[in-house]
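These are the residues of each chain, in order.
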Amino acid sequence: MFKKFTSYIILSILFFSSSLLQAQDKILKVGLAGGAPFVFAKGTDAPSGIAVEIWENVAKKNNWKYEYKKFSSVKKALAELNNKKVDLVVGPISITSERVTRMRFSQPYYQSSLAIVSRLDKPTLWDRIKPFFSFKLAIAVAIFLFILAMVGTFLWLAERKASPEQFPASPTKGIGNGMWLAIVTMSTTGYGDTAPITLAGRIIAGTWMVVSIIFATSMVAGIASTLTLSGLGDDTIKNIEQLADKRAATIIGSPAEEFLKEHGVREERTNSLKEAFLKLERKDVDAVVYDRPQLLYYLNENKKIKGYVAKAEYYRQGYGFAFPMNSELIHPVNIKLLEITEDEETTETINDWLGTDH
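Residues numbered from 1 in each chain as written. Predicted model: local features only at pLDDT ≥ 70, side-chain atom pairs only at ≥ 80, totals over all residues. Heavy atoms only, no water.

### A word on the pairing of strand 8 (residues 287–291)
Okay, so step 1: Burial within strand 8 is extensive, with five of its five residues counted as buried.
Okay, so step 2: Where strand 5 (residues 110–119) and strand 8 come together, five bridges link them in antiparallel fashion. In the sheet register, Val 117 faces strand 8, and the bridge partner there is Val 288.
Okay, so step 3: As judged from the two bridges shared by strand 6 (residues 247–251) and strand 8, these two strands associate in the parallel manner. From the neighbouring strand, Ala 249 faces strand 8, where its bridge partner is Val 288. (Buried < 20%, exposed > 50% of the residue type's maximum accessible area, 1.4 Å probe, protein only. Helix = DSSP H or I, 4+ residues; strand = E, 2+ residues; numbered from the N terminus. Pairing = 2+ DSSP bridges.)

Rendered as structure tokens:
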């Protein structure tokens, strides 16, 4: 039994060594797909980019030989992967639940998310003052005047007999003086020209002081918020809720397609970010929705485009290398990915392309 077991171990080692040597001698067919800054693969120039550099580092550490096959889109590359025309696909390939049912992935080498870019038009004078002529603001002012009238009326009723010189018997003048006192009290100006002398009047004035502190703070905050939003311009989109029933451009095959459908956004499918931003510039769409690093890189490379990148992040997901379901390459790839991550080689590569603030 010991001899049989020993023979089995030796045969297994020989088989594994033979498979490893075959893998090293084999020329892998590597599909390249995706855009900048992860893949630059146009023309006859040697491919470059974040994904390309990381893959080449992994292949070098495994002593693998390979040749590239370029694809115009991730969708086409993954279709060829399923048809076993390539051994793996390198690029900004999002690891999604739908894709995992058809192929396997390496561990993520980069964590990404979807982001929204909208126009950052320079607001006109009318854009800045228009919010102050809105129906909502008119209602707020009407409610404010009504509250002042109520406070002024209560002060007049409490003070008109004890202080007729400050609060005349005439309702118009008396309530008007009461409203003036309420405004002076709320603004903490304190002219001293009008002041309550009765206990009831002082209780009303004291209560209004406490209430007006909260009321004035909220009103000032609301005005500041209105000025900030008007300064950004009407076309600025800060979250996906603002895109409901509007149009947004994204790239064909991107996870953003399903994301836009889920939130009731009418999508415009494009073949490239250049096409998507042209639609945004022509106002054919209200925003561009795509992976955050690609959007940031594109705007950095095209500084003439004035775009507002929303801080909100959606669909956080990793980028990895895609393999057929039965691929034997995944395990050695993951080992080397972990090694270069632990040595911070991956971080250095990413920082070289995106900077330290990505």
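### Regarding the nonpolar core
Okay, so step 1: Formed by 28 residues in total, the largest nonpolar core has its most connected members in Trp 55, Tyr 109 and Phe 321.
Okay, so step 2: Within the second largest apolar cluster, 15 residues are counted, among which are Ile 237, Phe 259, Ala 310 and Tyr 314. (Core = buried A, V, L, I, M, F, W, Y, C linked by side-chain atoms within 4.5 Å.)

### Topic: helix 2 (residues 50–62)
Okay, so step 1: The end-to-end C-alpha separation of helix 2 is 19 Å, in line with the 18 Å expected for 13 residues at 1.5 Å each.
Okay, so step 2: Turning to helix 2, its buried residues number three or more, namely Ile 50, Ala 51, Val 52, Ile 54, Trp 55, Asn 57, Val 58, Ala 59 and Asn 62.
Okay, so step 3: Directly after helix 2, the chain includes Asn 63, whose backbone phi takes a positive value near 60°. (Expected span 1.5 Å × (residues − 1).)

### Re the confidence of the model for the protein chain
Okay, so step 1: With 84% of its residues at a pLDDT of at least 70, the protein chain reaches an overall mean of 86.
Okay, so step 2: By mean pLDDT, the top-scoring element of the protein chain is strand 4 (residues 104–105) (97), and the lowest-scoring one is helix 1 (residues 2–25) (52).
Okay, so step 3: Here residues 14–21 is a poorly scored stretch, pLDDT under 50, and it has zero contacts once near neighbours within four places are set aside; other chains count. (pLDDT = per-residue confidence, 0-100. Contact = heavy atoms within 4.5 Å.)

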